[in-house]
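Given next are the chains, with one letter for each unit.
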Amino acid sequence: MIKSILAFKLKQYYGTLRVSSTARISTIITYLLIMFSAAGAAALMRSLYGIAGIEDLPRILRVVALMFSALFIFEIYLGMKGGITALKSEVDFVLPSPIKPSTYLISDLVFQLIFLNIILTPAVSTFMATLLYPDERYLLTFFIVYEISILTAVIIAHGLGILKVKRYRRASKILGWILITFMLIPIILNVLNIQAESITAFHPSEVFARLAVDAGEALDLPLLIMYLTVVLGSYLQILRVRMFSDVNPLLTTGFMEPSSRSMRFPHLKLDFSKSPLHLYLVKFHLVRICRDGSLGASMLFLAVFIAANMSLSKVAWSSLRPELASTVLTTLYIPLIPALLTINWNVTERMNLWSPASSPNGLKNYLDGMLLSYIIVSTSFAMSFYILMNMIVGENPFMILDFFLALTTSITSSTFSMIMVIRSRRPAAALSHLTLLYTMIPMAGSMISDLPLLIIRSLESLATSPPPLLLAFLIAYPLSLFLILRHGILSASKGLAYALGNSI
Amino acid sequence: MEDLVRIRGLWKSYGETLAVADLSLSIRVGEIHGLLGPNGAGKTTVVKCIVGLLKPDKGQIVVNGVEITSSESYKTLIGYLPEDPALPEYLTVEEFLGYLARLRSVKPQEAKLRIDELMEIFNLARFKREFIGSLSKGLRQRVAVASAFIHKPKILILDEPFLGLDPEGQLKVKSMVKEIVKDGGAALISTHMLDMAERFCDTVTIMYMGREIISGDVESIKQVVNANSLEEAFIKLVNRR
């Protein structure tokens, strides 16, 4: 039975690869891009930041510990969202069938191990192989510990999910946040430059990291065994729980609130009788992303990514200008916001487009409002992060240039994200390899469009007091980018209407 | 009588699958036209082509004298209800109807009155401030149907409008459709509820595997195949193929 359910899940989830050559090609492109980026990131750390293979053990340990923390945080987050990766058809047809909950849970556990390995392992292995080169003998140890960490993380996610299903929603949420905070400790300590050996000696991410690169201390192996015993022991109890009520299709709703709980922010009013149409539609999209939980998820992801990367820059970039490092990192990660928003849009909103599509110029107006709202949200986020990080780093922010940098990043990444989903014929699940493509292309696109501004930003004298001509360029550049890219989106609206007709 | 919708030589296929082949039909002012056929006959494809959700491979669709590929302005005249309408669950009933009113250029004051009127007609008044996500399937269908009437359209294009509606809801939809048609409008109803089509539609087109097999007023179709009801005529015609 476990095998049948697993086969059903795999066929459903990876079904498009069986029938569509476009899906197969885009998957190959995605993985090539991911592996190339992972190798690039590791090479950058080695050359620019001065990490020299395994000989630079303390720094390698920091990086690996951060990686494990990020993995645990991601799975804890999924646990808080439900933890069990049932697809819609499973909720409708498999769960009501006479199967034992434990059978379904074990199938899901194996599915998640496969799914996480497919999504993460190519990038992680490329990254580690490049980082550890030429000492690849550590790779095998790393992979054993890495697989144990994935197993542990999935079990924790299942545990939290089941706690939630069993009507302990609040307890699951509180426990989830406690665990996320706990997993963030190595990152926070690193950002704040605090040495706390009493914590790092027992922290799971640190223990996993030390064992992964063969630098385990005397207590590490017993600690790992203890953690695993606790986790597996709890899981054996969990397997007895009847958990089929209230399971939601996590793979599609991973970055949002499931529809049954999307009635948030009822005090946010969307008054149709006020404001001109364009402004009304901007407000409509802002209300939408607040209520479906996309905004909250984007904030959380961005905060974790930026904190982890600030921590990495502390590991590796201490000799360079930290405020520049933080600005560059924020610029790099801001595209995550429109990317996540459009991924969720694809799942929750795309099928509702028959209403604007059947109104005169409805889709054009709708997309225009969506673009503006995404630019407003991501620029505001970027500015808040710049201010926050400049306060933490303790440098005076270059506000004028940083504003234009944030604006340019937001414009490019919002349009790229939107073009990606508009051009796609069918909605992809929130947690799929295509999600990686949806995030990487806007990131790459905005890095290219940001280049002129980043160059100016790195020249301190120009950045602090730009001459009038430069200021004119700073205003004209994002504005012209906006007009060109917006035109691209609006002209794609007709194609979107036809794509909708084929899919809804 | 003037044609409000005129389709000539419509062809549409999905890859290798032919969905509509050389379909022609006209809907005149004051007419309720039923588009009938078994599952997979191509009814929804025709409907989607009219509202601009699908691009025909060949053929011409003219709505109120405007060729639909030349301008989107014709959409102001159309009230559309899809077969399985998805609704934004994060909006309240009032917000959703207001949203559609804005998209369809209804003036705010007029929209307010219209929303209240439709809420009364479809018994939705007490759910006005409820999120659509919290409504039952039947109530959602009422909201979707109400949305088709929000801008007092001249032409109704309704795909299976009675699915999921209770008898009271069905009756209200019928009277709303008749009211619009009486005021110089027209309606195209795609359905496989043949009993209803026989009583409600003035003319029908029966489709089978993408092609029109017969078109005309209900009585003449029954006479042609010597049938007592539209249902019997339909089965006889489909079985001949």
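Here's a quick rundown of the structure. None of these values were measured; they are calculated from a predicted model. (Residues numbered from 1 in each chain as written. Chains lettered and ligands numbered in written order. Predicted model: local features only at pLDDT ≥ 70, side-chain atom pairs only at ≥ 80, totals over all residues.)

**Considering the sheet that holds strand β9 (residues 203-208) of chain B**
Remark on secondary structure: sheet strands pair via backbone hydrogen bonds, oriented parallel or antiparallel.
Residue and element names in this part refer to chain B.
Step number 1: Strand order across the open sheet formed by 6 strands is β6-β7-β8-β3-β9-β10, with mixed pairing between neighbours. At either margin of the open sheet sits one strand with a lone partner, and together these are β6 (78-81) and β10 (211-217). When strand polarity is set aside, the average angle formed by the axes of neighbouring strands in this sheet is 15 degrees.
Step number 2: Note: strand β3 (residues 32-36) against strand β8 (residues 186-191), 5 bridges, orientation parallel. Bridge assignment links L35 to a residue of β8, and that residue is S190. (Pairing = 2+ DSSP bridges. Helix = DSSP H or I, 4+ residues; strand = E, 2+ residues; numbered from the N terminus. Axes fitted to C-alpha atoms, helices over the stretch in contact; angles between N-to-C directions.)

**Remarks on the interface of chain A and chain B**
Step number 1: Contacts between the two partners involve 30 residues from chain A, matched on the other side by 35 residues from chain B.
Step number 2: Among the elements of the structure, α13 (277-291), α17 (354-357) and α23 (493-503) of chain A are those that each provide at least two residues to the side of chain A that touches chain B.
Step number 3: Take the side of chain A that touches chain B: its biggest share by element is 5 residues, from α13 of chain A.
Step number 4: For the side of chain A that touches chain B, a count of residues per class yields 15 nonpolar, 11 polar and 4 charged. (Contact = placed C-beta atoms within 7 Å. Nonpolar A, V, L, I, M, F, W, Y, C, P; charged D, E, K, R; others polar.)

**Overview of the packing of helix α4 (residues 57-81) of chain A against helix α8 (residues 169-191) of chain A**
All names here are of chain A.
Step number 1: Relative to each other, α4 and α8 sit at 165 degrees, their axes nearing to 9 Å. For the element pair α4 / α8, the angle class is roughly antiparallel. Here the hand of the crossing between α4 and α8 comes out left-handed. Between α4 and α8, the contacting residues are R62, A65, L66, S69, F72, I73, I76, G79 and M80 on the first element and S172, K173, G176, L179, I180, M183, L184, P186, I187 and N190 on the second. (Parallel < 35°, antiparallel > 145°, perpendicular 65-115°, else oblique. Left-handed = near helix turned anticlockwise from the far one by under 90°.)

**Points about the sheet that holds strand β2 (residues 17-28) of chain B**
All names here are of chain B.
Step number 1: In space, the 4 strands of this open sheet follow the order β2-β1-β4-β5, with antiparallel pairing throughout. For this open sheet the edge positions go to β2 and β5 (66-67), each flanked by a neighbour on one side alone.
Step number 2: Sheet topology places strand β1 (residues 3-14) next to β2; 8 bridges connect them, and they run antiparallel. In the strand pairing of β2, S13 is matched with L18.
Step number 3: Strands β1, β2 and β4 (58-63) of the sheet are contacted by helix α1 (residues 43-50), whose axis makes an angle of about 120 degrees with β1.

In short, shape yes, function no, at least from these values alone.
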